[in-house]
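Structural overview for review
Spelled out, the chains give:
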Amino acid sequence: TLMNEWAKTIEPDGYFYYSRHPITQHYIYEKMVGGLVDLYAYGGRSEAIPLLEKITDYAIANLDRTRKPCAPTVADWASGTEWYTLPENLYRAYQLTGNTKYRNFADLWLYSSYWRKFNESSNPDIAGIHAYSHCNTFSSAAMAYAVYGAPQYLRTIVNAYDYFERTQFYATGGYGPGEKLQSPNGSLGRSLESKSATFETPCGTWAGFKLTRYLLRFTGDAKYGDWAEKLVYNGIGAALPMTGRGETFYYSDYRLGGGRKVFHGEKFPCCSGTYIQNIADYHNLIYFKDADSLYVNLFVPSFVTWNCKGTEVIVEQETAYPESDTTTFTVRPSRSVNFNLKFRVPRWTNGVTVEVNGSPQAIVSAPGRWAHLR
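All of the points below concern the structure found in this document.

What counts and what doesn't
Residues numbered from 1 in each chain as written. Predicted model: local features only at pLDDT ≥ 70, side-chain atom pairs only at ≥ 80, totals over all residues. Heavy atoms only, no water. Helix = DSSP H or I, 4+ residues; strand = E, 2+ residues; numbered from the N terminus. Buried < 20%, exposed > 50% of the residue type's maximum accessible area, 1.4 Å probe, protein only. Polar contact = N/O pair within 3.5 Å; in protein donor to acceptor, adjacent residues only side chain to side chain. Contact = heavy atoms within 4.5 Å. 1 Å grid on protein atoms, 1.4 Å probe; cavity = no way out; pocket = protein on both sides within 12 Å on 5 of 7 lines; lining within 4 Å. Points joined across faces, edges and corners; volume = space filled by probe spheres on them. Nonpolar A, V, L, I, M, F, W, Y, C, P; charged D, E, K, R; others polar. Pairing = 2+ DSSP bridges. Axes fitted to C-alpha atoms, helices over the stretch in contact; angles between N-to-C directions. Arc of directions from axis to C-beta.

Details of the side chain of Thr248
Residue position: Thr248 is located in the loop between helix 13 (225-234) and strand 1 (249-253). We classify Thr248 as buried; its relative accessible area is 0%. Polar contacts involving the side chain of Thr248 include one to the main-chain carbonyl oxygen of Gly246, which spans 3.3 Å. Excluding its chain neighbours within four sequence positions, the residues that come into contact with Thr248 are Met242, Phe263, His264, Pro269, Cys271, Ser272 and Tyr275.

In C-alpha cells:
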C-alpha cells in the first residue's frame, strides 16, 4: 500500500523527491532503490520494477556527478552526499532484473580512491571522515565483487574490516565518536573522556550487518560473525525504542563519570529508517548455507527450513543466550540425509562442549572457527 500510494506522487519525468529543493539527493535516491529492490526480492512485488526504472531514468539524467566529499557543513549536505553508497543496491537491481542500465549506472559511483587505500597500506589515512557512510560504502565494494569477481574488491573489504576492528571498534562493536573515523594513535580511547556523540546507532549497526553478511558469504570465515553478534546486543538491540512521530535514538554518550543515550533532535532522522531495516535483517544473519552444510551464526531462538539436496530439513534453536551459556538444536529432516551442521564458536569463548542426544562429541571447537558436526 505504501509503495502504490507513493507511486502516485512520481511525476511524468520521474521526479520523486519530497520538494523542489531536497537535501541529500543521492542518499534519498539510494534509499528508494533499496526499498524497491527489497519489495521485489523479498515481497514478490513485480510492480516495484517499473517504478525503479522510472526513478532511475530520472537519476541518470539529473544526479550531480561532481563526487563531492562528505563534509559536515549544511551546504555540502544540501548539494547531495553519500554518492559512494549508490552502487550496492544498483548492482542488486542488476542481479535481480538483468537490466544492464543498473550495472552501468552503479559503475559511475565506484569509490576507488577510498577503497584502494586499504589495498595499498595497512595503516590508511582515513581519520576525520564520516564514519557510518565510509563503513557503509564497503557494501558497494562487496557488490562490485559479487558482480565482477575482481579480487581487488574482496581484498578491500577484508582489509577494511581488519583495519576497522583493530583501530575503530569499541568493545561493543560500535564506532564513530563524533561521527568521525579515528587515527590509530589512541584517539578512540581518549574519545571516552571527551565525546558526547558516539554514533553507535541503527545506521552504524546496519552498515555492520551488511558487511558481516558479505564477508561471511565470500570468505566463509566464522570470525566475522562476532561483529554481528556484538551489534545485535550492543547496537540495535540496545537502542532506545522509537517513540512519538519518528523520534529515534541517535547518540551514545560514554564519557567517564556517566553515560546516556539520546534521541535525535529532529523527527525521522536517518536512523528511523535503518532501525526498521536492522530488525528485518535479523533473518539474514542467523543461518547460512552451502550445498552440504548449514551454518549457525547467531544464538537466538529461531528455526530454519533448509532444502538439503532435495530433502527438507528443519532445525529449531532454543536458547536463553546471553543469559544462558547453552543452546539446543533440534534437527528434523523429512527423511534420512547426510549433511554438516556447523556453528560459530565465538573468539571470546573457551572450553566449548557439544552433545548429541546427551552423548558428548569429540569435535574441534576452536574459538573463531566453525565447529563441525556430521
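Observations concerning the layout of surface pockets
Volume-wise, the second largest pocket comes out at about 1,000 Å³. Around the second largest pocket, the lining is made up of 32 residues, and of these Thr327, Phe329, Phe343, Val354 and Glu355 lie nearest the centre. Secondary structure elements with two or more residues in the lining of the second largest pocket: strand 7 (327-333), strand 8 (340-344) and strand 9 (355-356). The biggest single contributor to the lining of the second largest pocket is strand 7, with 5 residues. The class makeup of the residues in the lining of the second largest pocket is 15 nonpolar, 13 polar and 4 charged.

A closer look at the sheet that holds strand 8
Read across the open sheet, the 4 strands follow the order 3-4-8-11; overall the sheet is mixed. Each of the sheet's edge strands pairs with one partner strand only, and the pair in question is strand 3 (287-289) and strand 11 (370-373). Along the sheet, successive strands turn relative to each other by an average axial angle of 25°, direction set aside. With 4 bridges connecting them, strand 4 (residues 293-296) and strand 8 associate as parallel partners. Counted as the bridge partner of Tyr295 is Lys342 from strand 8.

A look at helix 11 (residues 187-194)
Taken together, the buried positions of helix 11 are Ser187, Leu188 and Ser191. Projected down its long axis, helix 11 shows its buried positions confined to an angular sector of 95°, all on one face. In this fold, the buried residues of helix 11 make contact with helix 10 (151-167).

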